[in-house]
Amino acid sequence: MTQSPAVRTSGASGPVRIGERAARTLVTELARRNDPKAALLVGAVPESPVLAAAIEALLPGDRLTVVPAEGASAAALREHVSAQGRWVADRVRVIDTLAEADAAEVVIAAEPCTGTAEEARMAVDGLSKYLSDGAVLSVAAPLFRTEGAGTELDRQGVLHGIRTDLVLRNSPPVRVHHLRFTPASAAVAARLAPAYRPSSVPLTRSMHIDSNGVAAAGISLGLAALARVTRPKSKLWLLPALAAVPVAAFFRDPERDVPEDPSAVVAAADGQVLSVQRLHDERFGDGEWLRVAVFLSVLDVHVNRAPVAGKVVDYFVADGGFVNAMKPDAEHNVAAYTVLDTEHGTVVVAQRTGLIARRIVQRAPVGALLARGERFGLIRFGSRTDVYLPADAAEPLVGPGDKVVGGSTVIARWV
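Residues numbered from 1 in each chain as written. Predicted model: local features only at pLDDT ≥ 70, side-chain atom pairs only at ≥ 80, totals over all residues. Heavy atoms only, no water.

Participant: It is not clear to me how the pattern of salt bridges should be interpreted in this structure. Could you clarify?
Facilitator: It is possible for side chains bearing opposite charge to pair when their charged atoms get close. A full pass over the atoms with the stated rule returns 27 salt bridges. A salt bridge links Glu-152 to Arg-155, with the shortest nitrogen-to-oxygen separation between them at 2.9 Å. Of this pair, Glu-152 and Arg-155 both sit in helix 7 (residues 149–160), separated by 3 residues, roughly a single helical turn. Asp-281 is paired through a salt bridge with Arg-283; the nearest N and O atoms lie 2.7 Å apart. Arg-283 gets classed as partly exposed once you look at its relative accessible area, which sits at 44%. Look at the salt bridges and you will find they share partners, linking Glu-29, Arg-32, Arg-163, Asp-165, Arg-197 and Glu-374 into a network. (Salt bridge = Lys/Arg side-chain N within 4 Å of Asp/Glu carboxyl O. Helix = DSSP H or I, 4+ residues; strand = E, 2+ residues; numbered from the N terminus. Buried < 20%, exposed > 50% of the residue type's maximum accessible area, 1.4 Å probe, protein only.)

Here it is in structure tokens:
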């Protein structure tokens, strides 16, 4: 049997395993596509969590081709697939070698890359040959092995990455790279569900905490522990300890029901509508824009979501000040602009800083496809989010003073 081009999965620090959370992250691009598609899973074994996640993600019109890992038996894989029932057996085909595979819209490496940089490059090159136009390759590498394969995949991510997901709840933690080597049409975004993102840590079925909140709460608790050790007789440690909970709560990331209506434009963030106005902004092109500005208080959810389905075609940051986001002068605050190409024209989301907010997080690189309501970033502490729509193509449905919920409230409708 010819080995698939997934690089070695063991090294000086022992084997690297892909757990359920990392497996779900690897198959994200398969799970979020709602149209019939072909997928290729390379380097699988019968008990692989990645194989189980890929099978779970299949829809009635999908086809999944599976290539065994080095040393694994194709016969055992076929037996495993057959045992899943007729529905799975009709959609999953096990082949002996990668050479028998056809091009697919989604290619997944079931084994993490842990070899040298050259091995990782050869693996990526080998798997990329089986990508159809606009297709995505998903591959993982250990987080703390910065040399070798990890370095090469980071380089590939800079050149071709559409998203990188950090999975800390894996042994060891891994970084999952989603790579696209040929452009994808913005129209594809309309057929996508919001991507699964492990950056949010689940607390309950409907409430998560963004990884930024986990880190911030960890820092607060660390400061509390340090104060307790260095000044055992003082109650000073209570301040950072008590601050950990509200700090984490600020980064809460609830699940949202996104409207299925294709004509709906949803709020990019929670908060209160400051203004709805028509204006011109030559940075985004000629013509008039409809802008809906929303103020986020420190009590609002600060995770930002895509108001429409589209492809990220530009991202830039404009320098400025840090005025209270509710004041008119906030127009000139530091802001990050994410420009989307959509079926209805250009749409822009501006993440503006405020008096307290000084840090913008944007996780959707140029080339990424965003589903309507999909998380793409956040702003730390009070701020403002503006959505720019082509004025002649959208009708506003909210007004100043209205409260909106990110990803759920319909703020405008395509006409």
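Participant: Honestly, unusual backbone geometry in this entry has me stumped. Any pointers?
Facilitator: Between Ser-171 and Pro-172 the backbone carries a cis peptide bond, its omega angle lying at -5°. Mapped onto the secondary structure, Pro-172 falls in the loop between strand 6 (161–167) and strand 7 (174–179).

Participant: In this structure, what is going on with the domain arrangement of the chain? I would like to understand it.
Facilitator: Interface extent is often summarised as the accessible area lost during association of the parts. Taken domain by domain, the chain consists of domain 1 (20–182), domain 2 (207–252) and domain 3 (260–414). The gap between the C-alpha centroids of domain 1 and domain 3 is 34 Å. Both sides together, the interface formed by domain 1 and domain 3 hides about 410 Å², and carbon and sulfur atoms give 36% of it. Of all residues in domain 1, Arg-32, Ile-162 and Arg-180 bury the most surface against domain 3, accounting for 77% of the area lost on that side. Across the contact surface, domain 1 and domain 3 share 1 salt bridge. Notably, a salt bridge pairs Glu-374 with Arg-32, separated by 2.4 Å at the nearest N-O pair. Counting the contacts that link domain 1 with domain 3 gives 2 residue pairs in polar contact (both at pLDDT 80 or more). (Domains from an automatic or database assignment. Buried area = accessible area lost by both parts, 1.4 Å probe. Polar contact = N/O pair within 3.5 Å; in protein donor to acceptor, adjacent residues only side chain to side chain.)

Participant: Is there a simple way to think about the sheet that holds strand 8 (residues 200–202) in this case?
Facilitator: Strand pairs in the sheet, formed through backbone hydrogen bonds, run parallel or antiparallel to each other. With respect to topology, 3 strands assemble into an open sheet ordered 8-9-10, the strand pairing being antiparallel. Each end of this open sheet is capped by a strand with a single partner; those strands are strand 8 and strand 10 (252–254). Strand after strand, the sheet turns through a mean of 40° between neighbouring axes, direction not considered. Contacts from helix 8 (residues 211–230) reach strand 8 and strand 9 (207–210), with the element oriented near 65° to strand 9. (Pairing = 2+ DSSP bridges. Axes fitted to C-alpha atoms, helices over the stretch in contact; angles between N-to-C directions. Contact = heavy atoms within 4.5 Å.)

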